[in-house]
2 protein chains.
Amino acid sequence: MSPRRGLDLKVILETAAEIANTEGVEAITLAALAKKLHIKPPSLYNHIDGLSGLQSKLAVFGLEQLLKELTKASVGRAGDEAVQSLAEAYVSFARKQPGLYQLTLKAPKEEDTDYHAVANELVELLFGIFRAYHLNDEAAIHAVRGIRSILHGYTTLEQKGGFGLSIDLDVSLRFMIDTFLAGIKSANRK
Amino acid sequence: MSPRRGLDLKVILETAAEIANTEGVEAITLAALAKKLHIKPPSLYNHIDGLSGLQSKLAVFGLEQLLKELTKASVGRAGDEAVQSLAEAYVSFARKQPGLYQLTLKAPKEEDTDYHAVANELVELLFGIFRAYHLNDEAAIHAVRGIRSILHGYTTLEQKGGFGLSIDLDVSLRFMIDTFLAGIKSANRK
DNA sequence: TATAATAACTAATGTTATTAGTTTATTCAA
DNA sequence: TTGAATAAACTAATAACATTAGTTATTATA
């Protein structure tokens with residue numbers, strides 16, 4: 001145990017995520033974070049490497065939580081059902097934690113190995129699910145890229161209010177996943 | 001003509017877009033912009049309503065350019081060919097103007113009628129293209145939402161380096177559009 | 001109990017956005 | 001041709017913020 005136990009990194013990240021979720025990503029400042037933690041801004045430098053270091057850590061923190069939710073949603077399921085369940089969990093996470101979700105794509109630097117480790121796990125999860133469709137290696141890569149694009153694109157547009165109000169959003173998501181999977185299966189038959 | 005002609009708003013927006021494209025969206029500051037324009041930061045307030053006002057104007061500015069490119073790419077084409085051509089133009093725009101593309105989704109406020117006017121035109125363009133698939137009204141909405149999600153999601157992930165390097169990106173985009181359209185057609189036959 | 005390590009602190013600096021008030025240039029009417 | 005009106009530039013000042021340097025306080029362990 002270290003001398004002079006202070007703040008826990010986890011508490012810092014949770015507090016920052018709370019700010020992001022309630023006030024928006026741009027509201028994350030060291031000043032606001034320090035105030036919430038009842039310390040002075042410079043003290044944060046004992047735990048994080050400035051604002052950009054905090055953002056990097058938040059990206060990993062968020063990605064880990066997302067991965068956990070997606071894993072939970074897909075275990076015990078296969079094929080279309082697994083994909084739909086994962087998609088549902090994906091948007092559910094983004095709705096509950098909009099700020100943290102946005103942070104999961106914030107400035108992933110080349111050298112941030114922590115980030116890429118989790119990101120790879122997420123991609124591997126998707127590959128596993130798509131194994132049920134018996135695609136060749138390259139097709140599987142395209143399929144995984146496709147589903148990631150749909151999920152992220154849909155999520156962002158929903159968050160930004162990019163879709164009109166009238167027609168049910170969940171139905172749209174289900175439709176686009178269904179359609180994409182139908183396309184994969186129809187190509188498979190050729 | 002106004003007394004004391006100064007800077008043109010178009011020049012301001014072009015200069016800001018250049019900063020965004022070359023140094024990143026977060027590099028857009030009134031200080032940096034003023035320096036590039038050889039004026040002092042407060043003078044910018046004669047033309048724009050602060051930093052957030054600038055961002056709003058840039059969102060419209062970028063969306064207009066994107067719409068123009070997409071329109072150009074889809075005239076004289078129909079069906080799958082029109083969609084693929086539009087998709088190509090979309091990512092091409094985002095690659096040439098990464099910063100400006102990101103700005104097209106920056107903080108679209110409810111009351112920003114300029115923004116929503118252009119955004120609606122873009123959606124109408126897509127509806128027009130999907131008319132060739134003879135979908136009912138609701139299915140058309142889902143389809144347009146789907147293609148928008150794919151395009152934005154793909155673009156963002158490509159920009160952030162979210163896809164690994166090995167497999168060709170353009171092929172992936174073509175694959176996901178193809179697959180989505182195949183899904184639409186297979187559902188149509190039922 | 002003393003030392004070393006660590007986390008908090010204060011003080012200071014530089015960057016930025018923004019507001020208020022002033023000066024300057026230019027169009028247009030007298 | 002001149003002068004008033006207008007609008008765009010300016011200077012000066014303030015507040016919020018990130019960040020660094022250096023100091024103080026606390027606590028595990030030797």
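Data block above holds the structure.
Presented here is an overview of the structure given in this document. The residue numbers shown here count from 1 along each chain, following its written sequence. Here every chain gets a letter starting at A, and every ligand a number starting at 1, in the order they are written. Residues qualify for local features only when their pLDDT is at least 70, as the model is predicted, and side-chain atom pairs are given and counted only at 80 or more; totals for whole chains, interfaces and linings, by contrast, use all residues. With hydrogens and water set aside, each side-chain value is computed from the structure's full complement of heavy atoms.

1. A closer look at the environment of A73 of chain A
To qualify as a helix, a DSSP run of H or I must reach at least 4 residues; to qualify as a strand, a run of E must reach at least 2; elements of each kind are numbered from the N terminus. Within the secondary structure, A73 of chain A is located in helix 3 (residues 50-74). Beyond its immediate sequence surroundings of up to four residues, A73 of chain A is in contact with S85, L86 and A89 of chain A. In this analysis, two residues are considered to be in contact whenever any of their non-hydrogen atoms come within 4.5 Å of each other.

2. Structural notes on the protein's contact with DNA strand D
What surrounds DNA strand D is a group of 23 residues, the closest being L30, A31 and Y45 of chain A together with K40 and H47 of chain B. Being near a molecule or strand, for a residue, means having at least one of its heavy atoms within 4 Å of it. Across the atoms of DNA strand D situated within 4 Å of the protein, the share located in sugar and phosphate is 71%. For the purposes of these results, a polar contact is taken to be a pair of N or O atoms within 3.5 Å, where, inside protein, one atom must be able to donate a hydrogen and its partner to accept one; residues adjacent in sequence count only when each atom of the pair is a side-chain atom. Within the backbone of A31 of chain A, an N or O atom sits 2.7 Å from a phosphate oxygen of DNA strand D. R4 of chain B is positioned such that a nitrogen or oxygen atom in its side chain is 3.2 Å from a base nitrogen of DNA strand D. Within the residue set of the surface near DNA strand D, elements represented by two or more residues are helix 2 (30-37) and helix 3 of chain A.

3. Describing the relation of the copies chain B and chain A
The copies were overlaid with a least-squares fit restricted to C-alpha atoms from residues scoring a pLDDT of at least 70 in each copy. Of the transformation placing chain B onto chain A, the axial shift is 0.0 Å and the rotation is 180°, giving an RMSD of 0.0 Å. In short, the pair behaves as if placed about a two-fold rotation axis. Comparing contact sets, 100% of the residues at the interface of chain B also lie at the interface in chain A, consistent with an isologous, same-surface contact.

4. What about helix 1 (residues 9-23) of chain A?
One turn of the α-helix equals 3.6 residues, which is why residues spaced by three or four share an orientation. All names here are of chain A. For helix 1, built from 15 residues, the straight-helix expectation of 21 Å at 1.5 Å per residue is met to within 8% by its first-to-last C-alpha distance of 21 Å. Partly exposed residues are those whose accessible area sits between 20% and 50% of the maximum for their type, while under 20% is buried and over 50% is exposed, using a 1.4 Å probe and protein chains only. Among the residues of helix 1, those classed as buried are I12, L13, T15, A16, A17, I19 and A20. Looking at the residues trailing helix 1, positive phi occurs at G24, about 100°. To estimate the expected span of a helix, count its residues, drop one, and scale the result by 1.5 Å.

5. Considering the packing of aromatic side chains
All names here are of chain A. Ring geometry is summarised as follows: Phe, Tyr and Trp rings, the Trp one being its six-membered ring, pair when their centres sit within 6.5 Å, and such pairs are stacked at plane angles under 30 degrees, edge-to-face over 60 and tilted between the two. Tallied over the entire structure, the rule returns six aromatic pairs over all chains. Ring geometry for Y90 and Y101: centres 5.5 Å apart, planes at 70°, overall edge-to-face. Taken as a pair, Y90 in helix 4 (residues 79-96) and Y101 in helix 5 (residues 98-103) lie far apart in primary sequence, 11 residues in all. Looking at Y90, the relative accessible area reads 9%, which means it is buried.

6. A few points about the pattern of salt bridges
Residue and element names in this part refer to chain A. By salt bridge we mean one thing: a side-chain nitrogen of Lys or Arg within 4 Å of a carboxyl oxygen of Asp or Glu. Evaluated as defined, the whole model comprises 14 salt bridges over all chains. In this structure, the salt-bridge partner of D80 is K185, at a minimum N-O distance of 2.4 Å. Here K185 lies in helix 8 (residues 169-189) and D80 lies in helix 4, a separation of 105 residues in the sequence. Residue class for D80 comes out partly exposed when judged on its relative accessible area of 26%. The class for K185 is partly exposed, based on a relative accessible area of 30%. Among the charged side chains, a network of salt bridges with common partners joins R95, E158 and D170.

7. A word on helix 7 (residues 137-159) of chain A
Residues and elements named next belong to chain A. Over its 23 residues, helix 7 runs 33 Å from end to end, which matches the ideal 33 Å to within 8%, given 1.5 Å per residue. The buried count for helix 7 comes to 19 of 23 residues, which makes it a mostly enclosed element. N-capping of helix 7 is provided by N136, with a side-chain oxygen placed 3.1 Å from the backbone N of E138.

8. Looking at the protein's contact with DNA strand C
Residues in contact with DNA strand C amount to 22 residues; listed here are only the nearest, K40, S43 and H47 of chain A together with L30 and Y45 of chain B. Backbone atoms, meaning sugar plus phosphate, form 71% of the atoms of DNA strand C positioned within 4 Å of the protein. In the environment of DNA strand C, a base nitrogen lies 2.9 Å from a nitrogen or oxygen atom belonging to the side chain of N46 of chain A. A31 of chain B is positioned with one of its backbone polar atoms (N or O) 2.7 Å from a phosphate oxygen of DNA strand C. Those elements that provide at least two residues to the surface near DNA strand C are helix 2 (30-37) and helix 3 (50-74) of chain B. All residues other than Ala, Val, Leu, Ile, Met, Phe, Trp, Tyr, Cys, Pro, Asp, Glu, Lys and Arg, Gly among them, are scored as polar; the first ten of these are nonpolar and the last four charged. Split into classes, the residues belonging to the surface near DNA strand C amount to 11 nonpolar, eight polar and three charged.

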